[in-house]
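Descriptive analysis of the structure
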Amino acid sequence: MNYRKHIFEYIFIGVYFAFLIYFFQYLSFSPYSAYIFSASLPAFYLLWSLLHHYFEERLNLNIFLEYLSISLFIFIILTTASNL
Amino acid sequence: MKDLAHFKEKSLMKHHFVPNKDTKKRARLLHHKFFYLYSSVFVVLFLLINVSKSVKPGVLGYSSEITVRQLLDDTNKERDRSGKKPLAINEKLSKAAKLKADYMFAKNFWAHTAPDGTQPWEFVLQEGYDYAYAGENLARNFYYSQEVVDAWMNSPSHKENLLSENYDEVGFAVENGVLDGYETTLVVQFFGRPKNTAAITTKSDQERYLNSLNEKVSTMGVSTKTTSSVIDVPSLFRYVAFTILGFVLALFILDIYYSRTRGVDKFTGHTSAHIMVLLVTMFSVYIIFKNGHIL
């Protein structure tokens, strides 16, 4: 994998995660922000992966299922945690 | 023949944990089907917790070590930092806060206005506190007093109450009970300014009241008996989540190491991105249970 070729995509996702965590730390006392966070993290990750692999011309069903399953896994963990 | 079968079996086991050079695939335990299995663990855990809540309310809970004295100190520290005069603790406001907390447990709600329309101010008036201004902050599921005040300070509307110059007095209730099936600790903070400002609690009255609370403080946080009888939901969930997430992360790290050292060229998604998002998830679970909720 050529990291340098996609450096901006990695920086973008890294910054997005840092931004999300930073704000979530301050807003986590609100149940609504926890729900928004639980949905936006996996949704963004899935979208990022689809675009990233599409531009890499490596997008196929297996890769889609891999990201989908991980995003779903994250969504379920965060949603159940927020609802307890 | 026996050796070959044994080798195949060993190789089959190995590829549950490390990538396969021949098929160019990840470890079997990282296959997307296994992620559905890992996810189902959380769904089952969630269902079990909800069933326990209904069948035996109060078995599950959130423990805490919140005290009225500490809440008052932390509130006044924040006011002092902002150059505002400290609030005096008022017994009537504290009794009104206790009434509100008990009402929330009795009617099983968590809101400023009760489902039957009862307003917070009705509890204040019920205790004979004739106010010119009054305000209310609520909190639940926090561990420590400082965390409660920090959360209020991070929310603009609660911060406004906490630092308002319209108030001279404050009252707190830290009450334990079963809400939504969970054993939990509710914090109610009432602010007020009496119509008759001459009636503001004196320092000696405050000390007397706080000293009288001292005996109650030990039972106002979750009592020893309650703490030992409930299953702490955040600890349980964190334990399960960190175990499964840690296991998956370890497999991904092994995947990177094994692929690089053995030259396995897989046609899969990006392992480093997966590791990054799983670490963010782990941290998020920690944050979700670190803080309670305020209203």
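Our subject is the structure that appears above.
**Some words on the interface of chain A and chain B**
Contact with chain A, which involves 41 residues of that partner, is made by 44 residues of chain B. The contact between chain A and chain B buries some 3,900 Å² in all, and 74% of this surface belongs to carbon and sulfur atoms. Our enumeration of links across chain A and chain B arrives at one salt bridge. The partner of Arg26 of chain B in a salt bridge is Glu66 of chain A, and the shortest N-O contact between them spans 2.8 Å. Counting residues per element, the ones that place at least two in the side of chain A that touches chain B are helix H1 (7–27), helix H2 (31–55) and helix H3 (61–83) of chain A. Residue contributions to the side of chain A that touches chain B peak at 17 residues, all from H3 of chain A.

**Let's talk about the pattern of salt bridges**
Residues and elements named next belong to chain B. A complete count under the given rule lists 14 salt bridges over all chains for this structure. Among the ionic pairs, Arg208 bridges to Glu91, the shortest N-O distance being 4.0 Å. You can see Arg208 sitting in helix H8 (residues 203–220) and its partner Glu91 sitting in helix H4 (residues 91–107), a full 117 residues away along the chain. For Asp168, the salt bridge goes to Arg193, with nearest N and O atoms at 2.8 Å. You can see Asp168 sitting in the loop between helix H7 (156–163) and strand S4 (169–179) and its partner Arg193 sitting in strand S5 (residues 182–194), a full 25 residues away along the chain. Since its relative accessible area comes to 6%, Asp168 is described here as buried.

**So, the packing of helix H10 (residues 233–262) of chain B against helix H11 (residues 271–290) of chain B**
Residues and elements named next belong to chain B. Where H10 contacts H11, the axes come no closer than 10 Å and their chain directions differ by 165 degrees. Between H10 and H11, the angle is such that the two are roughly antiparallel. Once H10 is placed against H11, the crossing between them reads as left-handed. Counted by class, the contact of H10 with H11 contains 17 nonpolar, five polar and two charged residues.

Thresholds, definitions, all that
- Residues numbered from 1 in each chain as written.
- Chains lettered and ligands numbered in written order.
- Predicted model: local features only at pLDDT ≥ 70, side-chain atom pairs only at ≥ 80, totals over all residues.
- Heavy atoms only, no water.
- Contact = heavy atoms within 4.5 Å.
- Buried area = accessible area lost by both parts, 1.4 Å probe.
- Salt bridge = Lys/Arg side-chain N within 4 Å of Asp/Glu carboxyl O.
- Helix = DSSP H or I, 4+ residues; strand = E, 2+ residues; numbered from the N terminus.
- Buried < 20%, exposed > 50% of the residue type's maximum accessible area, 1.4 Å probe, protein only.
- Axes fitted to C-alpha atoms, helices over the stretch in contact; angles between N-to-C directions.
- Parallel < 35°, antiparallel > 145°, perpendicular 65-115°, else oblique.
- Left-handed = near helix turned anticlockwise from the far one by under 90°.
- Nonpolar A, V, L, I, M, F, W, Y, C, P; charged D, E, K, R; others polar.

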